[in-house]
Amino acid sequence: MADNDSLMETMPLTSEERKKINLNNLMNCTDFSGGSILLKIVRIILAIIVLTLSVYQLITDNFEVMPYSMLFLGALMLVIGLAELQKDRKGFGGYMCIVVSLFLFFVSIQDFLIY
């Protein structure tokens, strides 16, 4: 009986099936510290967005983008908290990041509604 790798090589795959397999491999693939690579990529992108918005606000003294900054910061804190929980560090830090992210989401939505 052939193993799964040789069977997968002989079966023709459509482009949609290849994309699905690649996305599943990316989501299930972990780095050496135990976290997901996809979460690490999302964390880096969100950190760059938050840093860019914060530097813009600091240089221009224009605080109209503050709700967006808080929204992306809340998303960043949520991803950090989920990464901590995924690493099986069920301590205080992961849960605290999730609670802080929920507070930031609440404040940013409230700021969107006021202005």
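This text follows the structure it describes.
Reading the values: rules and limits
Residues numbered from 1 in each chain as written. Predicted model: local features only at pLDDT ≥ 70, side-chain atom pairs only at ≥ 80, totals over all residues. Heavy atoms only, no water. Helix = DSSP H or I, 4+ residues; strand = E, 2+ residues; numbered from the N terminus. Buried < 20%, exposed > 50% of the residue type's maximum accessible area, 1.4 Å probe, protein only. Contact = heavy atoms within 4.5 Å. Expected span 1.5 Å × (residues − 1). Patch = residues over 30% accessible without salt bridge, like charges linked within 9 Å, V, L, I, M, F, W, Y side chains within 5 Å. Areas by Shrake-Rupley, 256 points an atom, 1.4 Å probe, with all protein chains shown as cover. Salt bridge = Lys/Arg side-chain N within 4 Å of Asp/Glu carboxyl O. Axes fitted to C-alpha atoms, helices over the stretch in contact; angles between N-to-C directions. Parallel < 35°, antiparallel > 145°, perpendicular 65-115°, else oblique. Left-handed = near helix turned anticlockwise from the far one by under 90°. Nonpolar A, V, L, I, M, F, W, Y, C, P; charged D, E, K, R; others polar.

On to the overall build of the protein chain, then. Secondary structure assignment for the protein chain yields five helices and zero strands. Starting at the N terminus and ending at the C terminus, the protein chain contains elements arranged as α-α-α-α-α. Counting the 115 residues in the protein chain, one finds 23% classified as buried. For the protein chain, contacts bridging at least 24 residues in sequence account for 48% of all contacts bridging at least 6.

Okay, helix 3 (residues 37–60) next. With 24 residues, helix 3 should cover 34 Å at 1.5 Å per step; its first-to-last C-alpha distance of 35 Å lies within 8% of that length. Looking at the buried side of helix 3, the elements it contacts are helix 4 (66–86). Where helix 3 terminates, the next one or two residues include aspartate 61, which has phi positive at roughly 55°.

Moving on: a nonpolar patch on the surface. A cluster of nonpolar residues, Leu51, Val55, Leu58 and Ile59, forms a patch on the protein surface that exposes about 440 Å² of accessible area. Mapped onto the elements, leucine 58 comes out in helix 3.

What follows covers the side chain of glutamine 57. Take glutamine 57: it is sitting in helix 3. On the accessibility criterion, glutamine 57 (5% relative accessible area) is buried. Beyond its immediate sequence surroundings of up to four residues, glutamine 57 is in contact with Asn62, Phe63, Val65, Met66 and Ser69.

The contact between helix 3 and helix 4 brings their axes to 9 Å, and the two run at 150°. One finds that helix 3 runs roughly antiparallel with respect to helix 4. Between helix 3 and helix 4 the crossing geometry is left-handed. Residues Leu39, Val42, Arg43, Leu46, Ala47, Ile49, Val50, Leu53, Ser54 and Gln57 of helix 3 form the contact with helix 4, whose own contacting residues are Met66, Tyr68, Ser69, Phe72, Leu73, Ala75, Leu76, Val79, Ile80, Leu82, Ala83 and Gln86. When the residues that make up the contact of helix 3 with helix 4 are grouped by side-chain class, the tally is 17 nonpolar, four polar and one charged.

Geometric descriptors of this kind do not, in isolation, establish any biological role.
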